[in-house]
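Architecture and fold: a report
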Amino acid sequence: MKQFETILFFFLIISIYINGQNDISGRITEQKGNQPLEFATIVLNTQDSTFVTGTTCDQNGKFKLKNIPSGNYSIVATFLGYIPKKVMINSLSGSIDLGDISLNEATNLLNEVAVTASATTNKVDRLVVFVTDQQKAHSSDGINLLATMQLPRLSVNSLMGSLSLPGEGKLQLCINGIKVDENDIKALKPDEVIRIEYIDNPGVRYGDSDVVINYILKRAVTGGMVGINLMNAVTSLFGNEQVTFKMNHKKSEFGFIYTGRFREMDKVWNDKISHFKFQDKGELIRFDDGVPGKWKENAHHFTLNYNFLDEKNYFNATFRHGITDMDKMTYTNQHTSLDPSRITSVHQGANTLQHLPSIDLYYSHSFGNKQTLILNGVGTYINSDINQIYEETKDGNLITDIISDVEGKKYSIIGEGIYEKTFENNNRFTAGIKHTQAFANNRYEGTVNSLSKMDQSESYAYIEYTGRKNKLSYMGGVGVSRSWTKQQGEKSHTDYIFRPKITLQYNFKPELFLRLKGEIYNTTPSLANLSAVDQYIDTLRVTRGNPNLKTTMNYRAGLTFSWEKSLFGIYYDASYLYTPDAIIEEIFREGDFFINTYDNQESWQKLNNELTLKLKPVKNMLMLSLTGGVNRYWSRGNNYNHNHTNYYYRASITFMYKKFMAYFSANNAYNNLWGETLSGGETVQQSGIMYNHGKFAIGAGIMSPFSGKYKRETENFNIYSPYKSNAYINNLSRMIMITFSWNFDFGRKAKSGNKRINNSDSDTGIMHMN
């Protein structure tokens, strides 16, 4: 009898397990013609509208939701331009195939198409957010779309059209897996976006990026689109402008984006106190009292794009050309502790003209059994003309005249190949190889004449596997890199680096998870820091490169806790970064000069703790977010030891009603101790309001309404030449801005492919006077 009871209990447990893990599959089609709607969005909710999971259809309109517990559910299928359809599933107790779910074209009922639930899902490396129609209706481009989501750690400046992470964290932007810049994101129409992947735990293929934001777009339809985005300040000469055009014909798409940026600040100055401790002459204190001057910047960026797509192949060719013209000069009245009554006028800064053309060729091929091969090649040429000056006058007579004219030329080629294989259980294997070859030829003329020729290459191979077992998700990868540097007249240097990364994530519930991660990655010296060149900064300071710099290792560990509900959310992130032999600036004494150079210091460490609370007291209308954090730094140099603790906050409020959106955000300075320099961040507030009529949107806002001065503080603690400076740009305080966008598209049917990678090179390799 006991044996029978044991066997019966055993089969009962098996039955419960089998019946509790079900699959739901189906196909999404259009009502007319029964054609599949590829990449339609599928959201699974409980019947009380609590989000469970979501996915998108494949190229044949098919979808499958796996390992769904028994219960009562509803499935909502949506596709832009079609009326959503809800399918009720009662008493799910086994795997089912829903067959074809047909959607009717919305035509004149487009305003009735609505995905109102906040649909999110957590994966081992990312948070997937399905964009609601309300969020799209209150956004005019891809950047302010993010402002409606209040993603953790991300700062969105809707007025400036910019994105950033605290503490100068490395943010990578992608469209369908493509690495792009803010110009491309600004050109996006919110209606194009199906979902946003907030990858806060990037894999080994992303290098040392802290966060990757990937926009997944619906497939383009034929015809074309024209878009205009304008931002202009009322109180200053400050603005951005962008024109976008796309045209489709059969399997081809042609695109053009122009982005312009202009700045003219006439309330810019810098106050600085510098100490110079000579070996035999005692200490000299130099006071620079800033005089308001002008900064000018004009930039133009052109992008021409062509792509071709069929069922298995995708080819993309992109030509980019960026032109930047900057005139950044400062004026000060200077005196010293030796003779306070002797005041001289100092004029210093740089004029920079840079051309950056590049060509990007991309090809992908889809094999059977969910396999993909991706190839990418990028060629870049950077031409820089920089005129740096330091002039000191007394009663109109020139006392000091330091000139440095730099003509810089850099050529680089980047090649990358990636193989991906997705298994039936959605586990994924990735392998890739990447090689970068760069050559820089920089000529310095003026007070000091020199020629710097450098070659640099880096090869990187990696593999990565991502999987899931019940509630435990995991991701493991390893890469091996080889870096090589050769400067004319110097010995070559080669490093081999082992770069592993592992992540474990336990999902207590779909909306609640805990994640642990650890990784090792390398930092290669820049060509500018390796230059064996001296550049005079002023009469006492010299900038010098160091060709003996070595590649350094970085060891990073992190813990993340996230709990996201419909009316509130809690996000906690802790990270620790340890960098031995860190490449950091140092100052040493050489006769009567103080040399600013770089060296491999003993170590640098940072511990960060950050907690974010999100509230939605009025669902789908009012959103509040408050973040508090603390940074602890330990900086150990070859001849110094500094520590620092920084407390910071960020807060935002967003209100959406009908076609209006109002917002306010504020943050204090996020200070960063790097070596012996403590760099202060920005204390900024921004508020604004926007009206979105659909094809056009207009808005107004103000930067830092509660502060009459925009200030950034910097302090250096060097034993020989410490300094403290305050940089002011008062044009950025209480600056009133107007925004306008207009988008017009006409029926598009040809498909636009998903380019998965995009490489770029923007390092000029030039050493600057600073």
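It should be noted that the structure appears before, not after, this text.
The shown structure was predicted, so the numbers you read here are calculated from the model rather than taken from an experiment.

All right, on to the packing of aromatic side chains then. Under the definition given, this model contains 22 aromatic pairs. When the centroid spacing of 5.1 Å and the interplanar angle of 90° are considered together, the rings of Trp563 and Phe568 count as edge-to-face. Owing to a relative accessible area of 30%, Trp563 belongs among the partly exposed residues under this scheme. Where Trp604 meets Trp674, the ring centres are 4.8 Å apart and the plane angle is 70°; that geometry is what we call edge-to-face. With Trp604 in strand β36 (residues 603-618) and Trp674 in strand β40 (residues 672-674), this residue pair connects regions lying 70 residues apart in the sequence. Note on Trp604: relative accessible area 5%, which makes it buried. According to the relative accessible area criterion, Trp674 is partly exposed, its value standing at 34%. Grouping aromatic residues by their ring pairs yields a cluster made of Phe276, Phe278 and Phe594. Note that Arg263 overlies the ring of Phe238, its terminal NZ or CZ placed 3.9 Å from the centroid.

Spatially, four strands are ordered β30-β31-β35-β34 in an open sheet, and the strand pairing comes out mixed. Looking at strand neighbours, the two that pair on one side only are β30 (534-536) and β34 (583-590), the edges of this open sheet. Strand after strand, the sheet turns through a mean of 30° between neighbouring axes, direction not considered.

Alignment of strand β38 (residues 641-657) against strand β39 (residues 660-667), held across eight bridges, turns out to be antiparallel. Along β39, the bridge assignment pairs Ala651 with Ala666. Taking the residues that link successive antiparallel strands as the turn, the β38-β39 hairpin has two residues, and the phi of Lys658 there is positive, at about 50°.

Cut-off values and rules
- Residues numbered from 1 in each chain as written.
- Predicted model: local features only at pLDDT ≥ 70, side-chain atom pairs only at ≥ 80, totals over all residues.
- Heavy atoms only, no water.
- Phe/Tyr/Trp six-rings, centres within 6.5 Å; stacked < 30°, edge-to-face > 60°.
- Buried < 20%, exposed > 50% of the residue type's maximum accessible area, 1.4 Å probe, protein only.
- Helix = DSSP H or I, 4+ residues; strand = E, 2+ residues; numbered from the N terminus.
- Lys NZ or Arg CZ within 6 Å of the ring centre and 35° of its normal.
- Pairing = 2+ DSSP bridges.
- Axes fitted to C-alpha atoms, helices over the stretch in contact; angles between N-to-C directions.

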